[in-house]
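Structure assessment
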Amino acid sequence: MSARLNTAQPYALGLFRIVVGLLFACHGAASLFGILGGAVGTDGGTVDTGSWPGWYAAAIQLVCGVLVLIGLGTRAAAFLASGSMAYAYFKVHQPGALWPLENGGEPSAMFCWAFLLLVFTGSGALSLDRLITRRSPGKRGPSARQTTATA
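Not measured: the values here are computed from a predicted model.

**So, the overall build of the protein**
Across its full length, the protein carries 6 helices and 0 strands. Secondary structure elements of the protein, listed N to C terminal, follow the sequence α-α-α-α-α-α. If one aligns the C-alpha atoms of the protein with their principal axes, the spans along those axes are about 50 × 30 × 20 Å. Expressed as a percentage of the 151 residues in the protein, the buried residues total 34%. A separation of at least 24 residues holds for 63% of the contacts in the protein among residues at least 6 apart in sequence. Entry remark: accessible area of the protein is about 9300 Å², with carbon and sulfur atoms responsible for 68%.

Right, here's the structure in full:
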């Protein structure tokens, strides 16, 4: 059973990356463009252009979310996204209460840890990172393949 699950691991990781990236990009698009219900607390509106930290957070969410979704520069985009969510949790949510359930910071905490996982595991299957690595001349063989952690 473990061997069969291990062969599916890159695909499960790829699907995880796609879903997390899509959800993160949707948060950014909602805040920047007012779609999907708009920015939180604006009654369907958008965040003010250039406002700190809301507009910058939304831009990071949209750009990094799309990059993670398509699997391009996954580790770098996930690192930036994870850091932005850590900032959001500790500066915006945590001062209100200690636990994420009490301070409304559950999405920030979950995104932070999900993106941190992608920093260490890479993009998995179904990514542009993997496609580019495979097509690069001079990078043939097992060393060019992206490896994933096994338990």
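**Observations concerning the packing of helix H1 (residues 2–33) against helix H2 (residues 54–70)**
Close contact between H1 and H2 brings their axes to 7 Å; oriented N to C, the two are set at 150°. The orientation of H1 relative to H2 falls into the category roughly antiparallel. Handedness of the crossing formed by H1 with H2: left-handed. Across the interface between the two elements, Arg17, Ile18, Gly21, Leu22, Phe24, Ala25, His27, Gly28, Ala29, Ser31, Leu32 and Phe33 from H1 touch Trp55, Ala58, Ala59, Ile60, Gln61, Leu62, Cys64, Gly65, Val66, Val68, Leu69 and Ile70 from H2.

**Quick notes on the nonpolar core**
Membership of the largest hydrophobic core comes to 16 residues, with the highest contact counts inside it found for Phe24, Val68, Ala78, Met85, Phe111, Phe115 and Leu118. Those elements that place two or more of their residues in this core are H1, H2, helix H3 (74–93) and helix H5 (106–121). No other element matches the 6 residues that H5 contributes to this core.

**What to know about H5**
Helix length check: H5, at 16 residues, gives a terminal C-alpha distance of 22 Å against a target of 22 Å (1.5 Å per residue), a fit within 8%. For H5, the set of buried residues is Ser108, Phe111, Cys112, Ala114, Phe115, Leu118, Val119 and Thr121. The inward-facing, buried residues of H5 contact H1, H2 and H3. Positive backbone phi, at 85°, marks Gly122, one or two positions downstream of H5.

**Some words on a nonpolar patch on the surface**
Where nonpolar side chains cluster on the molecular surface, the patch consists of Val66, Ile70, Leu72, Leu128, Leu131 and Ile132 and spans about 430 Å² of accessible area. Elements with a contribution of two residues or more to the nonpolar patch: H2 and helix H6 (128–135). Top contributing element to the nonpolar patch by residue count: H6, with 3 residues. Inspection of the secondary structure puts Leu72 in the loop between H2 and H3.

The rules behind each value
- Residues numbered from 1 in each chain as written.
- Predicted model: local features only at pLDDT ≥ 70, side-chain atom pairs only at ≥ 80, totals over all residues.
- Heavy atoms only, no water.
- Helix = DSSP H or I, 4+ residues; strand = E, 2+ residues; numbered from the N terminus.
- Buried < 20%, exposed > 50% of the residue type's maximum accessible area, 1.4 Å probe, protein only.
- Contact = heavy atoms within 4.5 Å.
- Areas by Shrake-Rupley, 256 points an atom, 1.4 Å probe, with all protein chains shown as cover.
- Axes fitted to C-alpha atoms, helices over the stretch in contact; angles between N-to-C directions.
- Parallel < 35°, antiparallel > 145°, perpendicular 65-115°, else oblique.
- Left-handed = near helix turned anticlockwise from the far one by under 90°.
- Core = buried A, V, L, I, M, F, W, Y, C linked by side-chain atoms within 4.5 Å.
- Expected span 1.5 Å × (residues − 1).
- Patch = residues over 30% accessible without salt bridge, like charges linked within 9 Å, V, L, I, M, F, W, Y side chains within 5 Å.
- Salt bridge = Lys/Arg side-chain N within 4 Å of Asp/Glu carboxyl O.

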